[in-house]
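Close look at the chain arrangement
Next come the chains, spelled out residue by residue.
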Amino acid sequence: MKLDPAFIWTAFVQLLSAIPTTLEIAGVSVLCGSLIGTAVALVRIYRVPVLHPIASAYVTFIRGTPMLTHLLLILFGLPMLIDAAAESLGLPFRSVSIPMIGFVYISFSITEGAYMSEVVRSGMLAVNRGQFEAAYAVGMTTPQALRRIVFPQAFAAALPNLSNSTIGMLHATTLAFAASVVDINAKAQIVAATNWKFFEAYIAAALLFWGLTFLIERLTALLEKRINSYNRGGVA
Amino acid sequence: MIRLTQIRKSFGRNEVLKGIDLTVSKGEVVAILGPSGSGKTTLLRCINYLERPSGGQIEIGDLRLECKHPSKKEIHRLRGKSAMVFQQYNLFKHKTAVENVMEGLVVVQKVPKEEARKRSVELLEKVGLGAKLDAYPSQLSGGQQQRVGIARALALNPEVILFDEPTSALDPELVGEVLAVIRKIAKEGITMIIVTHEMNFAQEVANRVVFMDQGAVVEEGAPNELFRSPKEERTRQFLQRMTPEAVYSI
């Protein structure tokens, strides 16, 4: 066996076309996951009746099962549900018309939401109780206090975890191949299939992932510097 | 005017406030003294519902609130009538001094930003921080932070300002600057309730002193009377322990 360095480059260039798919999946999942996560975290922190045990069950079930399993469950279960619902309502809609990537979005958002809820929760718990009390004391309502005072500080506190989560999601997008969605990794397999140079193709994929991760790291570092400027201290 | 009637508060089985009655007229400065655990801070925090009283009645200005089952709206209105200065300052950490003072004006009272900023700058100048408008709390000393806290409370133009041990967390050499600011605003006729351990300060600034112990008001009166000739044995014990004799022997 001999390594073909030139093919690494060839593969790398071809892999670039899969970047949008990978970033889309990661972006949508992180975004929807954050929304779900924030809602779940609030429900758990405020112990909202009825919803609270449901939220806890969601987090423990999702974190207790593999992400690939979620994708497969959604992939096989959701179409059945949708079709049954459409049929009973007499709608002409059928699940076949949903693109596969749609199921990936849904499944990954659900997965990410569970992990993200803990990120959000830890961020909110990091905010001193006194901040809330001060907000109430100046006459704010709870939503105002959350939006104006608590969330900005919680976000700053959660940023390292948030970037961790985002990077994790970026890498987890490789599972999308199970739904026949062509992400960077799946593309590498396709590229190599013509000449069986799998090793070179996967090296190219690894380098590409590393590059994207590096970008995320730099972006968070910048954001962190900006957002945490209020914590820097020292007498002005 | 503020009138508290039979305010009760229990944490589990521990009854912290055993039916407190207290009336504060407009422009009056009332100091609440007492040993730790006497319930004075809890009482103060009940007035703006940071602590939920188990029973009683709170009346501030035109608002009258039964503590049994107040609605969210009533609590919100009650909080709008007071402002608080905290022991730990509790400035909004991610906002500059001037933003801290503006926040309540803009978000709660819906004052236009320009005007809110102008008023906030004036208030910060008044507490001697005109040069620190854009400093974050982490860049300010404890005394400076507490003065921002006072400006933030003043900005709201409340019926009453509640001071919760405003100098207890400060280094001794920073206490003076904060007391000076409170003294200054006390003269302007703003209604204030101050929980404090600064006996000299209480005697000088307050129109009335309330002594609490074990969740009840033991004694209240004009500062000179209460400090010089307390009626109750418990008050006498407390004052003896708190003040060097020389200060009050005339």
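Values in this document were obtained by computation on a predicted structure and should not be read as measured data.

What follows deals with the environment of serine 29 of chain A. Residue and element names in this part refer to chain A. In this fold, serine 29 is placed in helix H2 (residues 19-45). Taking the C-alpha atoms as reference points, serine 29 and serine 107, 78 residues apart in sequence, are found 8.5 Å from one another. When neighbours within four sequence positions are excluded, serine 29 is seen to be in contact with Ser34, Phe108, Ser109, Glu112 and Met169. Polar side-chain contacts of serine 29 include one of 2.5 Å to the backbone oxygen of isoleucine 25.

Residue and element names in this part refer to chain B. The mixed open sheet is built from six strands, whose spatial order is S6-S7-S8-S3-S9-S10. Edge positions in the sheet fall to strand S6 (82-85) and strand S10 (216-221), since each has one partner strand and no second. If you compare each strand with its neighbour and ignore which way they point, the axes differ by 20 degrees on average. Taken together, the four bridges between strand S7 (residues 160-164) and strand S8 (residues 192-195) define a ladder with parallel strand orientation. By the bridge assignment, aspartate 164 is partnered in S8 with valine 195. Strands strand S3 (29-33), S7 and S8 of the sheet are contacted by helix H6 (residues 172-186), whose axis makes an angle of about 155 degrees with S8.

Before going further, it helps to spend a moment on the interface of chain B and chain A. With 27 residues of chain B in contact, the opposing surface of chain A contributes 24 residues. Both sides together, the interface formed by chain B and chain A hides about 2300 Å², and carbon and sulfur atoms give 57% of it. The tally of links between chain B and chain A comes to two salt bridges. As a salt-bridge pair, glutamate 103 of chain B and arginine 148 of chain A come within 2.7 Å of each other at their nearest N and O atoms. At the surface where chain B touches chain A, the tally comes to ten residue pairs in polar contact (both at pLDDT 80 or more). Taken together, the elements giving at least two residues each to the side of chain B that touches chain A come down to helix H2 (72-80), S6 and helix H3 (97-108) of chain B. Considering every element that reaches the side of chain B that touches chain A, the biggest residue donor is H3 of chain B, with four residues.

Residue and element names in this part refer to chain A. What UniProt calls "transmembrane region" (unreviewed entry) maps, in this numbering, to residues 28-46, 67-86, 98-115 and 198-216. The straight-line gap between the two end C-alpha atoms of residues 28-46 is 27 Å; of that span, 95% is helix and 0% is strand. The distance from the first to the last C-alpha atom of residues 98-115 is 26 Å, and the span holds 89% helix and 0% strand.

Moving on, we get to the nonpolar core. Counting residues in each nonpolar core, the largest one holds 102 residues, and the members touching the most others are Ile7, Leu43, Leu124, Ile150, Phe163 and Met192 of chain B. The biggest single contributor to this core is H6 of chain B, with eight residues. With 20 residues, the next largest nonpolar core counts Ile167, Ala201, Ala204 and Leu212 of chain A among its residues.

The UniProt record annotates "domain: ABC transporter" (unreviewed entry) at residues 2-239 of chain B. Regarding residues 2-239 of chain B, the helix share stands at 39% and the strand share at 26%, and the terminal C-alpha atoms are separated by 27 Å.

Moving on, we come to the layout of surface pockets. Quantified by volume, the largest pocket comes out at close to 760 Å³. What lines the largest pocket is a set of 26 residues, among which Tyr46, Phe132, Tyr136 and Thr142 of chain A together with Arg79 of chain B lie closest to the centre. Elements that contribute at least two residues to the lining of the largest pocket include exactly helix H5 (100-126), helix H6 (129-137) and helix H7 (142-172) of chain A together with H2 of chain B. When grouped by side-chain class, the residues that make up the lining of the largest pocket number 14 nonpolar, five polar and seven charged.

In this section: the packing of aromatic side chains. Scanning all chains against the criterion turns up six aromatic pairs over all chains. Their ring planes at 10 degrees and their centres at 5.8 Å tell us that tryptophan 9 of chain A and phenylalanine 12 of chain A sit as a pair that is stacked. Linking tryptophan 9 of chain A with phenylalanine 12 of chain A, this pair stays in helix H1 (residues 5-15), spanning three residues, or about one helical turn. Overall, the relative accessible area of 58% leaves tryptophan 9 of chain A in the exposed class. Centre to centre, the rings of phenylalanine 211 of chain B and phenylalanine 238 of chain B are 5.0 Å apart; their planes meet at 40 degrees, and the pair counts as tilted. Of this pair, phenylalanine 211 of chain B sits in strand S9 (residues 208-213) while phenylalanine 238 of chain B sits in helix H9 (residues 233-242), and the two are 27 residues apart along the sequence. Classification of phenylalanine 238 of chain B as buried rests on a relative accessible area of 4%. Within the aromatic cluster, the residues linked to one another by ring pairs are Trp196, Phe198 and Tyr202 of chain A. Sitting above the plane of the tyrosine 136 of chain A ring, arginine 79 of chain B keeps its charged end 4.5 Å from the centroid. Here arginine 152 of chain B stacks its cationic end above the ring of phenylalanine 92 of chain B, 4.7 Å away from the centre of that ring.

Before going further, it helps to spend a moment on the packing of helix H4 (residues 67-89) of chain A against H5 of chain A. Residues and elements named next belong to chain A. Running from N to C, H4 and H5 cross one another at 130 degrees; their axes reach a closest spacing of 9 Å. Relative to H5, the element H4 lies oblique. Note on packing geometry: the crossing formed by H4 with H5 is right-handed. Here Met67, His70, Leu71, Ile74, Leu75, Leu78 and Pro79 of H4 come into contact with H5, specifically with Met100, Phe103, Val104, Ile106, Ser107, Phe108, Ile110 and Thr111. Partitioning the contact of H4 with H5 into residue classes produces twelve nonpolar, three polar and no charged.

Cut-offs and rules
- In this numbering scheme, every chain counts its residues from 1 along its sequence in written order.
- Written order determines the labels here, with chains lettered from A and ligands numbered from 1.
- Where local features are concerned, this predicted model is filtered to residues with pLDDT of at least 70; where side-chain atom pairs are given and counted, the filter is 80 or more; whole-chain, interface and lining totals use all residues.
- Derived side-chain values reflect all non-hydrogen atoms in the structure, with water molecules and hydrogen atoms excluded from consideration.
- Counting from the N terminus, the helices are the DSSP runs of H or I reaching at least four residues and the strands are the DSSP runs of E reaching at least two.
- Contacts were defined at the residue level, with two residues in contact if any of their heavy atoms lie within 4.5 Å.
- Distance and chemistry together define a polar contact, namely a pair of N or O atoms within 3.5 Å, with one atom able to donate a hydrogen and the other to accept it when in protein, and with adjacent residues in sequence counting only for side-chain atoms on both sides.
- Strands were regarded as paired on the criterion that DSSP finds at least two bridges between them.
- Only the stretch in contact is used when a helix axis is fitted, and all axes are lines through C-alpha atoms; the angle between N-to-C directions ranges over 0 to 180 degrees.
- Accessible area, probed at 1.4 Å, shrinks when two parts are joined; the buried area is that loss added up over both.
- Here a salt bridge means any side-chain nitrogen of Lys or Arg lying within 4 Å of a carboxyl oxygen belonging to Asp or Glu.
- UniProt positions are given in the numbering used here, feature names are shortened, and annotations may be inferred rather than shown by experiment.
- Here, nonpolar core means buried Ala, Val, Leu, Ile, Met, Phe, Trp, Tyr and Cys residues that are tied together by side-chain atoms lying within 4.5 Å of each other.
- Accessibility here uses a 1.4 Å probe with only protein chains present; expressed as a share of the type maximum, an area under 20% marks a residue as buried, one over 50% as exposed, and anything in between as partly exposed.
- Whether a set of points on the 1 Å grid over the protein atoms alone is a cavity depends on a 1.4 Å probe fitting there but being unable to get out, while an open set qualifies as a pocket with protein on both sides within 12 Å along at least five of seven lines; lining residues are those with an atom within 4 Å of a point.
- Grid points are joined across faces, edges and corners, and a volume is the space filled by probe spheres set on the points.
- Throughout this entry, Asp, Glu, Lys and Arg are counted as charged residues, while Ala, Val, Leu, Ile, Met, Phe, Trp, Tyr, Cys and Pro are counted as nonpolar. The remaining residues, Gly among them, count as polar.
- Between the rings of Phe, Tyr and Trp (Trp by its six-membered ring), a pair exists once the centres lie within 6.5 Å; its type follows the angle of the planes, with under 30 degrees stacked, over 60 edge-to-face, and the other angles tilted.
- Definition used: whenever NZ (Lys) or CZ (Arg) falls within 6 Å of the ring centre and also within 35 degrees of the ring normal, the charge is taken to sit over that ring.
- Put simply, angles under 35 degrees are roughly parallel, angles over 145 are roughly antiparallel, angles from 65 to 115 are roughly perpendicular, and the rest are oblique.
- Should the near helix be turned counterclockwise from the far one by less than a right angle, the crossing is left-handed, whereas a clockwise turn marks it as right-handed.

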